[in-house]
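# Summary of the model geometry
The chain contents come next:
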Amino acid sequence: MTETPKKRWLLRAKDLLRMHDGELTRGLSRTQGGFGLGQVPERLKPDATTNMICGFCSTGCSLSIHLKNGQAINLSPARDYPVNLGMACPKGWESLTPLKAADRATQPLLKDANGKLVPTDWPTALSTFVTRMRAIQAKYGPDSVAFLSTGQIPTEEMALLGSIAKFGMGMVHGDGNTRQCMATSVVAYKESFGFDAPPFTYKDFEESDVLVFVGANPCIAHPIMWERVCKNPNNPEIVVIDPRRTETAMAATLHVPLAPKSDLALLYGVAALLIKQGMVDKEFVAEHTEGYAEFAEHVAKFTPKEVCERTGLPYETLSKLAELIGRGKRVSFWWTMGVNQSYEGVRTAQAIIALALITGNIGRPGTGPNSITGQCNAMGSRLFSNTTNLLGGRDFTNADHRADVAQLLNIDVQRIPQRGSFAYDQIISGILSGKIKGLWVIATNTAHSWINQADLHDTLKRLDFLVVQDMYSTTETAVRADLVLPAAGWGEKEGTFINSERRIGVIKRVSRAPGQALADFYIFKAVAEAWGLGEMFEEWSSPEAVFQILKRLSRGRPCDFSGIQGYEQIDSLGGIQWPLPEGQAPQQSEERRLFADGQFFRENGRARFLFADPAPLPEAPNAKFPLMLLTGRGSSAQWHTETRTKKSEVLKKLHPGVPYVEVSPVDAKALDLGPTDWVRVRSARGSVTVKAFITHVVQPGQVFMPMHHPETNQLTFAAFDPYSRQPSYKACAVRLERLDSSP
Ligand code: SF4
């Protein structure tokens with residue numbers, strides 16, 4: 001029989017399914033210290049235990065997975081891993097449960113003539129993918145199809161996806177859900193330090209004498225990091241800057257309950273006080289920074305009077321905050337989504353960086369302007385997803401960077417797009433304007449998580465072809481797809497994650513994916529084969545082979561980890577932080593920070609001050625919608641859109657089962673609300689019915705809803721930071737209407 005190209009990739013697709021089974025044997029053999037094929041499969045050993053990184057948040061805890069007959073049956077937190085030191089949060093403990101959910105996607109699904117998703121086989125799914133994406137490209141141009149990736153899959157998978165899409169399939173536009181959480185920090189660090197480089201290590205939580213949390217609630221969002229704070233032996237001052245009296249604020253020594261989105265003015269006001277009171281590390285500023293004089297001039301106009309008016313804080317609080325920062329010997333600043341998810345997040349993050357720079361709190365133990373990441377592999381995505389950055393934190397618009405990558409990957413440089421990608425919001429608006437006609441969504445739940453949901457749902461309907469690749473066929477996004485590709489989840493595949501402190505850790509295959517679900521890696525490989533790119537990605541043969549390619553791509557870059565041998569070494573040393581250039585020997589459980597030498601990644605080696613005047617709220621409360629809606633994480637038992645965590649009965653018991661809104665007692669009284677009442681929350685975008693939770697956590701005039709319930713993004717207002725394009729989820733105008741009965 002002659003092997004035509006089509007027959008060839010159909011055969012390869014079947015091979016890939018078989019490889020998936022082989023992969024189980026290989027992945028588990030690692031627990032015996034071996035990685036190659038042909039080793040005794042660990043799954044035959046009934047009582048093995050192997051360690052791997054948790055697949056939820058960016059803390060990167062290690063979990064000991066206990067196996068029976070080669071399958072995971074239980075887990076416990078790894079005791080000797082430098083990140084979590086024997087601890088895990090509820091999500092980590094329940095990591096294995098979502099794998100067994102009844103609504104796992106077990107075979108490809110294709111929309112039929114009646115608009116119903118019906119089962120199909122892999123060859124048909126792949127053939128449909130290729131035929132329809134190619135037809136769109138032929139009609140509207142190669143850049144009319146785009147992809148939305150994720151921070152939830154291993155670095156090797158995201159690099160493969162980004163490379164196939166952009167170097168092979170001719171796509172220009174691809175972004176990821178890390179746009180929703182980390183884009184602001186990426187841009188802030190890049191502009192200030194010359195590279196996206198969070199400088200800290202978790203040891204800093206234990207070594208500070210003053211910790212300042214800005215828009216961060218680690219008790220709930222990063223509980224194991226909070227445990228590290230609790231281990232601090234220095235009796236530290238803990239400052240929480242947050243409009244809400246969060247669980248972390250309750251535990252703080254100083255809560256700064258500023259008015260929502262007055263953070264930029266507050267930080268400038270603190271800088272102005274520090275400068276005025278001579279609490280500036282002049283030597284550090286002179287030797288290691290650039291633009292201080294202009295910054296000092298800018299912040300001078302943020303007088304205490306001005307700042308107190310904008311923030312609603314008394315002078316005593318402002319002054320105390322400045323004093324704590326100015327007099328502290330080891331001051332660390334930590335921020336998350338309260339800063340990042342803002343229409344002026346980049347400049348706010350850079351105001352935090354400025355405070356660290358003017359006080360010389362960087363590069364020493366217990367210091368740093370430290371952005372805490374969100375998803376388990378957001379850092380991997382930032383460096384290697386090949387979405388808006390070229391592989392290795394490079395730039396698509398830089399000819400030298402394109403030439404480097406072409407040479408390192410041995411591909412024609414013309415295959416690398418010369419322009420940057422649309423950001424997530426621009427891909428969405430590209431669908432509206434007719435520029436984007438085909439979309440491939442991988443391991444993210446856009447239809448739930450994107451801002452101003454009703455508009456988004458309408459926009460998705462305009463696509464000619466929507467492909468969703470996910471563990472579940474029931475997500476709000478998957479049910480809208482034309483084609484669903486069933487994917488293996490965390491625990492069913494291998495690769496590496498990079499956590500918030502730049503630590504690379506390994507995940508393994510400890511459970512067999514259900515039905516025909518494949519590791520995303522092998523779905524990408526099958527798509528590449530079907531597209532005719534098999535030869536081009538021959539070297540990308542397995543996750544560990546791709547790790548070796550990534551090492552090559554990192555060499556000489558600030559994130560250089562070419563000195564790491566491979567998965568086994570990472571595993572045995574308790575993870576390895578980047579950078580680790582060739583020739584440098586990693587130590588067991590090492591904890592390293594950046595910038596100890598005061599040298600930053602900019603050409604002149606200096607960190608840069610960047611600043612701007614605070615902008616007005618995109619949608620301020622008004623007569624019709626008098627309350628400010630804040631959003632955020634609700635509990636440590638929930639994860640993002642709850643795609644996985646709602647599969648666990650244990651986790652469901654650990655948080656309120658119904659959507660709710662926090663209301664202050666003052667507003668509750670004005671609305672005649674009782675503790676068991678339901679309310680309608682209405683914004684200019686829509687209205688939702690939720691339970692009222694009357695609490696002093698929120699201030700009068702403000703209400704709060706957790707992000708996990710789909711109701712919340714029916715209300716949010718689509719505004720974006722102009723530099724990072726990150727959505728501003730945190731502040732929009734709403735009103736409450738009391739309902740006479742529960743729904
Ligand atoms: S803190 Fe994060 S990484 Fe650690 S167990 Fe919980 S979800 Fe997993």
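The structure under discussion appears in the preceding block.
Anyway, here's the lowdown on the structure attached to this text.

Rules and cut-offs
Residues numbered from 1 in each chain as written. Predicted model: local features only at pLDDT ≥ 70, side-chain atom pairs only at ≥ 80, totals over all residues. Heavy atoms only, no water. Near = heavy atom within 4 Å. 1 Å grid on protein atoms, 1.4 Å probe; cavity = no way out; pocket = protein on both sides within 12 Å on 5 of 7 lines; lining within 4 Å. Sits in = over half its atoms within 2 Å of the grid points. Nonpolar A, V, L, I, M, F, W, Y, C, P; charged D, E, K, R; others polar. Pairing = 2+ DSSP bridges. Helix = DSSP H or I, 4+ residues; strand = E, 2+ residues; numbered from the N terminus. Axes fitted to C-alpha atoms, helices over the stretch in contact; angles between N-to-C directions. Contact = heavy atoms within 4.5 Å. Points joined across faces, edges and corners; volume = space filled by probe spheres on them. Parallel < 35°, antiparallel > 145°, perpendicular 65-115°, else oblique. Left-handed = near helix turned anticlockwise from the far one by under 90°. Salt bridge = Lys/Arg side-chain N within 4 Å of Asp/Glu carboxyl O. Buried < 20%, exposed > 50% of the residue type's maximum accessible area, 1.4 Å probe, protein only. Core = buried A, V, L, I, M, F, W, Y, C linked by side-chain atoms within 4.5 Å. Arc of directions from axis to C-beta. Polar contact = N/O pair within 3.5 Å; in protein donor to acceptor, adjacent residues only side chain to side chain. Phe/Tyr/Trp six-rings, centres within 6.5 Å; stacked < 30°, edge-to-face > 60°. Lys NZ or Arg CZ within 6 Å of the ring centre and 35° of its normal. Disulfide = S-S within 2.5 Å.

Here we come to the site of the ligand. The immediate surroundings of the ligand are formed by Cys 54, Phe 56, Cys 57, Thr 59, Gly 60, Cys 61, Ala 88, Cys 89, Lys 91, Gly 92 and Ile 224. If you map the ligand onto the pockets, it falls in the second largest cavity. When its residues are assigned to classes, the shell around the ligand shows 7 nonpolar, 3 polar and 1 charged.

To continue, consider the sheet that holds strand 14 (residues 438-442). Sheet strands pair via backbone hydrogen bonds, and the direction of the pair is either parallel or antiparallel. The strand order across the open sheet built from 7 strands is 5-4-16-15-14-6-7, with neighbouring strands paired in mixed fashion. The sheet terminates laterally at strand 5 (117-119) and strand 7 (173-176), the two strands that pair on one side only. For this sheet, the mean inter-axis angle between neighbouring strands, taken without regard to orientation, is 15 degrees. Inspection of the sheet shows strand 4 (residues 109-111) paired to strand 16 (residues 483-486) by 2 bridges, in the antiparallel sense. In the strand pairing of strand 16, Leu 109 is matched with Val 484. Seen against the sheet, helix 22 (residues 520-531) touches strand 14, strand 15 (465-470) and strand 16 and runs at an angle of roughly 155 degrees to strand 14.

As a further point, take empty space enclosed by the protein. Evaluation of the coordinates by the stated rule reveals 7 cavities of 30 Å³ or more. Here the second largest cavity is characterised by a volume of approximately 90 Å³. Cys 54, Phe 56, Cys 57, Thr 59, Gly 60, Cys 61, Leu 63, Ala 88, Cys 89, Gly 92, Pro 223 and Ile 224 together form the lining of the second largest cavity. The class makeup of the residues in the lining of the second largest cavity is 9 nonpolar, 3 polar and no charged.

Where helix 3 (residues 122-140) meets helix 22, the closest approach of the two axes is 10 Å, and the angle between their N-to-C directions is 60 degrees. Between helix 3 and helix 22, the crossing angle belongs to the class labelled oblique. In the crossing of helix 3 with helix 22, the sense of the turn from one axis to the other is right-handed. Contact residues: helix 3 offers Trp 122, Leu 126, Phe 129, Val 130, Met 133, Arg 134 and Gln 137, while helix 22 offers Ile 523, Ala 526, Val 527, Ala 530 and Trp 531. The residue inventory of the contact of helix 3 with helix 22, partitioned by class, reads 10 nonpolar, 1 polar and 1 charged.

With that settled, the discussion passes to the pattern of salt bridges. Scanning all chains against the criterion turns up 35 salt bridges. For the salt bridge of Lys 493 with Glu 157, the shortest nitrogen-to-oxygen distance reads 2.8 Å. Residue Lys 493 is found in strand 17 (residues 492-498), and its partner Glu 157 is found in helix 4 (residues 155-168); the two are separated by 336 residues along the sequence. Using a relative accessible area of 3% as the deciding quantity, one classes Lys 493 as buried. Given the relative accessible area of 1%, Glu 157 is considered buried. Between Lys 508 and Asp 571 there is a salt bridge, with the nearest N and O atoms lying 2.7 Å from each other.

With that settled, consider the nonpolar core. Judged by nonpolar contacts, the single largest core of 132 residues is most densely connected at Phe 129, Leu 266, Trp 440 and Trp 578. Apart from the residues lying within four places of it in its own chain, the contact partners of Phe 129 are Met 169, Trp 440, Phe 465, Val 467, Leu 483, Leu 485, Val 527 and Trp 531.

Position of Ser 144 relative to the elements: it lies in the loop between helix 3 and strand 6 (145-149). Classification of Ser 144 as buried rests on a relative accessible area of 0%. Residues contacting Ser 144, with those up to four places away along its chain left out, are Ile 136, Gln 137, Lys 435, Ile 436, Lys 437 and Gly 438.

We now examine the environment of Gly 563. Relative to the elements of secondary structure, Gly 563 occurs in the loop between helix 23 (543-554) and helix 24 (567-573). We classify Gly 563 as buried; its relative accessible area is 16%. Sequence separation between Gly 563 and Ala 668 is 105 residues; the distance between their C-alpha atoms is 59 Å. The residues contacting Gly 563, other than those within four sequence positions of it, are Gln 569, Leu 580, Pro 581 and Glu 582.

Once that is clear, we can look at the layout of surface pockets. Considering only enclosed or pocket space, the largest pocket measures out at about 560 Å³ in volume. Lining the largest pocket are 30 residues; nearest its centre among them are Val 186, Val 187, Lys 190, Thr 388 and Asn 389. Counting only elements with at least two residues in the lining of the largest pocket, the list comes to helix 5 (183-193) and helix 17 (378-384). With 5 residues, helix 5 is the single largest residue contributor to the lining of the largest pocket. Of the residues assigned to the lining of the largest pocket, the class counts are 8 nonpolar, 14 polar and 8 charged.

With that settled, the discussion passes to the sheet that holds strand 23 (residues 678-682). Overall, mixed pairing links the 6 strands, which are arranged 21-25-22-24-23-26 in a closed barrel. Taking each pair of neighbouring strands and ignoring which way they run, the sheet shows an average axis angle of 45 degrees. Direction of pairing for strand 22 (residues 660-663) relative to strand 24 (residues 687-694): parallel, over a ladder of 4 bridges. Looking at strand 24, one finds that Val 663 is bridged to Ile 694.

All right, on to helix 18 (residues 399-409) then. His 401, Arg 402, Val 405, Ala 406, Leu 408 and Leu 409 are the residues of helix 18 that are buried. When helix 18 is viewed along its axis, its buried side chains cluster within an angular range of 170 degrees and face the same direction. Seen from the open side of helix 18, the exposed residues pointing more than 90 degrees away from its buried face are Asp 400 and Gln 407. Its side-chain oxygen 2.9 Å from the backbone nitrogen of Asp 400, Asn 398 forms the N-cap of helix 18. Within two residues after helix 18, Asn 410 carries a phi angle of roughly 55 degrees, on the positive side.

In total, this model carries 29 aromatic pairs according to the counting rule given. Ring geometry for Trp 450 versus Phe 720: centroids 6.0 Å apart, planes at 25 degrees, classification stacked. Taken together, the positions of Trp 450 in the loop between helix 20 (446-449) and helix 21 (453-461) and Phe 720 in the loop between strand 25 (702-706) and strand 26 (732-738) put the pair 270 residues apart, joining distant regions of the chain. Judged by relative accessible area, which is 4%, Trp 450 ranks as buried. Taken together, Tyr 189, Phe 193, Phe 195, Trp 335, Trp 578, Phe 595, Phe 600 and Phe 601 form an aromatic cluster joined through their ring pairs. A cation over an aromatic ring shows up here: Arg 502 above the ring of Trp 578, its NZ or CZ 5.6 Å from the ring centre. Between Arg 644 and the ring centre of Phe 56, over which it is positioned, the NZ or CZ distance is 4.2 Å.

Of all 5 residues in strand 9 (residues 237-241), 4 are buried, a share of seventy percent or more. Taken together, the 5 bridges between strand 8 (residues 210-214) and strand 9 define a ladder with parallel strand orientation. Bridging from a neighbouring strand, Val 210 pairs with Glu 237 of strand 9. Two elements, strand 9 and strand 10 (residues 254-256), share 3 bridges in a ladder whose sense is parallel. Its bridge partner lying in strand 10, Ile 241 is registered against Val 256.

What follows deals with the state of the cysteines. Under the definition given, this model contains 0 disulfides. With no disulfide partner, Cys 559 has as its closest neighbouring cysteine sulfur the one in Cys 181, 18 Å distant.

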